[in-house]
Protein chains: 2
Amino acid sequence: MQTTPSTTDTASPDSAAYTPTDRTIPTRSRERASYDHESVHAILDEAYVCHLGFVRDGAPVVLPTLYGRVGDRLYVHGSTGSRPLRMAGASPEKATEETREEDPGLEVCLTVTHVDGLVLARSAFHHSINYRSVVVHGTARQVTDPEEKRVALDALVDHVVPGRTADSRPANAKELAATAVLRLDLNEVSAKARTGGPNDEPEDMDLPHWAGVVPLRKGYDALIPSADLAPGIEVPGYLAGL
Amino acid sequence: MQTTPSTTDTASPDSAAYTPTDRTIPTRSRERASYDHESVHAILDEAYVCHLGFVRDGAPVVLPTLYGRVGDRLYVHGSTGSRPLRMAGASPEKATEETREEDPGLEVCLTVTHVDGLVLARSAFHHSINYRSVVVHGTARQVTDPEEKRVALDALVDHVVPGRTADSRPANAKELAATAVLRLDLNEVSAKARTGGPNDEPEDMDLPHWAGVVPLRKGYDALIPSADLAPGIEVPGYLAGL
């Protein structure tokens, strides 16, 4: 029986960590991997889309999609007619508590990546990218509990802009019925990061090639208000800080 | 028998398009999909990493990785010991022309996504993301031809910074032997994009919520030269333009 998460963040203390498994221990560059909650959650919370992988007819499918996090749970959503949602048993006729126990779920791999910089080495071989990524393996299951679904949808909207849920019209019954939500628990998960400059070979250090890092800048451009925005609506405070 | 691509871009004229298939026709929002070479290539060329999906032990795996494009071919690379490369038959003992004919390859889905803006609607339901993405389905096969491998590795480096291959030490025999390259032909591929403001319901237009788009800005921060850069090495022209 699933329990409904509270809306407060249930993240564990900094010292807590996810348990590494065969799938989350990299075959190479193991020193780049970490499993502590804080690192994993920070990478997840900073990105806007994840890449959700699943298997259809034996072949891999990778689709970009929004997500939200509530403690150790990730949520993705979509139309009840979309492929991954249908495959996870999210067709309306199956969306009942009765059938949920039989729901086998959908095996997924959910990956989030930030590209932080371009690493230019003296040798072509050592060119690289500074990045931070999180890879989650697990079984995504449809959320059928109405209260958990509401919390998940709030998290999805607040993931786009924190505080936005409180400043928008909540979903009505029709919209809720058209939206399926999948939950993926953070259990088998790892973070990986590369930082710093190029790792050139000692014998290459005097080559006449510039070497270093090109940092990528991320930010926001000026807001584009809807042309039909009602007069008198100011830019809300949670956007002014972007 | 594979042919070696030329280093010039073999992209087809603007009017050319990839043929849609069951896998590349979206179940929803079909108006967002396109198949012309120009749209697909532009999205691929602008990103730094792709998300490469494959199936291992029946479960999906999605990993971020660098890639390069040469005409209608994508290349990814990695250590010969890395998982996807090993799975595609890239172990050194198999890396011969003799065994290549038997190489079944690795079924992959390669996805590239740009997040362009946050779409804030009056209703929670219509919140969205402006994005451009490309999804490629196909079988990735190890590149064994030495000349094609060289062209592919050049494309990978020039994908990070155009012009960089000519200003770095080429891979030596040891580095080439340690690097496996997979090729994925662009055949079954589609682009998808969302642009513009929120699609609010007519009855929500007078709600007192700000609505519009928060554009994401992308750029570069000041270069970070390696601390051990030899004196007298200037910032090259191809970086000054970033």
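Each chain carries its own residue numbering, running from 1 in the direction its sequence is written. Chain letters start at A and ligand numbers start at 1, both assigned in the order the entries are written. At least 70 in pLDDT is required for a residue's local features to be given in this predicted model, at least 80 for side-chain atom pairs to be given and counted, and no such filter applies to totals for whole chains, interfaces and linings, which use all residues. Note that water and hydrogens are dropped before the side-chain values are worked out from all heavy atoms of the structure.

1. A word on the overall build of chain A
Elements are defined by DSSP. Helices are runs of H or I of four residues or more, strands are runs of E of two residues or more, and each kind is numbered from the N terminus. Across its full length, chain A holds six helices and 11 strands. Burial analysis of chain A (242 residues in total) assigns 55% to the buried set. Whether two residues are in contact is decided by their heavy atoms: any pair within 4.5 Å suffices. Here the contacts in chain A between residues at least 6 apart in sequence split such that 75% fall between residues at least 24 apart. Total accessible area on chain A stands at roughly 10700 Å², and carbon and sulfur atoms take up 53% of it. Relative accessibility under 20% of the residue-type maximum defines a buried residue, over 50% an exposed one, and the middle range a partly exposed one, all with a 1.4 Å probe and only protein chains included. The accessible surface values rely on the Shrake-Rupley method and a 1.4 Å probe; as for residues, cover is taken only from the protein chains in view.

2. Quick look at the interface of chain A and chain B
With 85 residues of chain A at the interface, the matching set in chain B holds 86 residues. Buried area: the sum, over both parts, of the accessible surface (1.4 Å probe) that disappears when the two are put together. For the pair chain A and chain B, the two sides together bury roughly 7500 Å², of which 64% comes from carbon and sulfur. By the criterion of area lost to chain B, the three top residues of chain A are Arg169, Trp210 and Arg217 of chain A, representing 11% of everything that side buries. Whenever a carboxyl oxygen of Asp or Glu lies within 4 Å of a side-chain nitrogen of Lys or Arg, that contact is scored as a salt bridge. Ionic pairing is found between Arg217 of chain B and Asp221 of chain A, a salt bridge with its closest N-O pair at 2.7 Å. Polar contacts, as used here, are pairs of N or O atoms within 3.5 Å; protein pairs need one atom able to donate a hydrogen and one able to accept it. Residues neighboring in sequence count only if both atoms are side-chain atoms. Connecting chain A to chain B are 33 residue pairs in polar contact (both at pLDDT 80 or more). For the side of chain A that touches chain B, the leading source of residues is strand 10 (residues 212–220) of chain A, giving nine residues. By residue class, the composition of the side of chain A that touches chain B is 47 nonpolar, 19 polar and 19 charged. Of the pairings in the sheet, the one linking strand 10 of chain A to strand 10 (residues 212–220) of chain B comprises five bridges and is antiparallel in character. Across the sheet, the residue bridging to Lys218 of chain A is Lys218 of chain B, located in strand 10 of chain B. Ten residue types, Ala, Val, Leu, Ile, Met, Phe, Trp, Tyr, Cys and Pro, are classed as nonpolar, four, Asp, Glu, Lys and Arg, as charged, and the remainder, Gly among them, as polar. Two strands pair under a simple rule: DSSP has to find at least two bridges between them.

3. Focus: helix 4 (residues 146–160) of chain A
Residues and elements named next belong to chain A. Here helix 4 spans 22 Å end to end across 15 residues, near enough to the 21 Å set by a 1.5 Å rise per residue. For helix 4, every residue scored as buried is listed here: Glu148, Lys149, Val151, Ala152, Leu153, Ala155, Leu156, Val157, His159 and Val160. If you check the start of helix 4, you find a side-chain oxygen 3.2 Å away from the backbone N of Glu147, and it comes from Asp145. Here the expected span of a helix is defined as 1.5 Å times the quantity of residues minus one.

4. A closer look at the pattern of salt bridges
Under the counting rule described, the total for this entry stands at 34 salt bridges over all chains. Linking Arg183 of chain A and Asp185 of chain A is a salt bridge whose minimum nitrogen-to-oxygen distance equals 3.0 Å. Under the relative-accessibility criterion, Asp185 of chain A is labelled partly exposed at 28%. The residue Glu188 of chain B makes a salt bridge to Arg23 of chain B at a minimum N-O spacing of 3.0 Å.

5. Some thoughts on the pairing of strand 10 of chain A
Moving residue by residue along a regular strand, the side chains alternate between the two faces of the sheet. Judged from the four bridges that link them, strand 6 (residues 106–120) of chain A and strand 10 of chain A form a sheet pairing that is antiparallel. Note that in strand 10 of chain A the partner of Gly117 of chain A across the bridge is Pro215 of chain A. Direction of pairing for strand 10 of chain A relative to strand 11 (residues 224–225) of chain B: antiparallel, over a ladder of two bridges. Residue pairing for strand 11 of chain B: Gly212 of chain A is matched across the bridge by Pro225 of chain B.

6. Description of the confidence of the model for chain A
Summing up the model confidence of chain A, the mean pLDDT is 88 and the portion of residues at 70 or higher is 88%. Scoring of the predicted complex yields 0.89 for pTM and 0.89 for ipTM. pLDDT runs from 0 to 100 and stands for how confident the predictor is about each residue.

7. What to know about the relation of the copies chain A and chain B
Laying chain A over chain B is done by rotating through 180° and shifting 0.0 Å along the axis; what remains is an RMSD of 0.0 Å. A rotation of that kind, with that shift, is consistent with a two-fold axis. Within chain A, the C-alpha atom positioned nearest to the axis of rotation is that of Lys218 of chain A, 2.6 Å from it. Interface residue correspondence from chain A to chain B reaches 100%, placing this contact among same-surface, isologous pairings. In this comparison the copies share one frame, found by least squares on the C-alpha atoms of residues holding pLDDT of at least 70 in both.

8. Topic: the state of the cysteines
Residues and elements named next belong to chain A. Only a pair of cysteine sulfur atoms within 2.5 Å counts as a disulfide in this structure description. As enumerated under the stated definition, the model contains zero disulfides over all chains in all. Cys50 takes part in no disulfide bond, and the closest cysteine sulfur to it belongs to Cys109, at a distance of 10 Å. You can call Cys50 buried: its relative accessible area is 0%.

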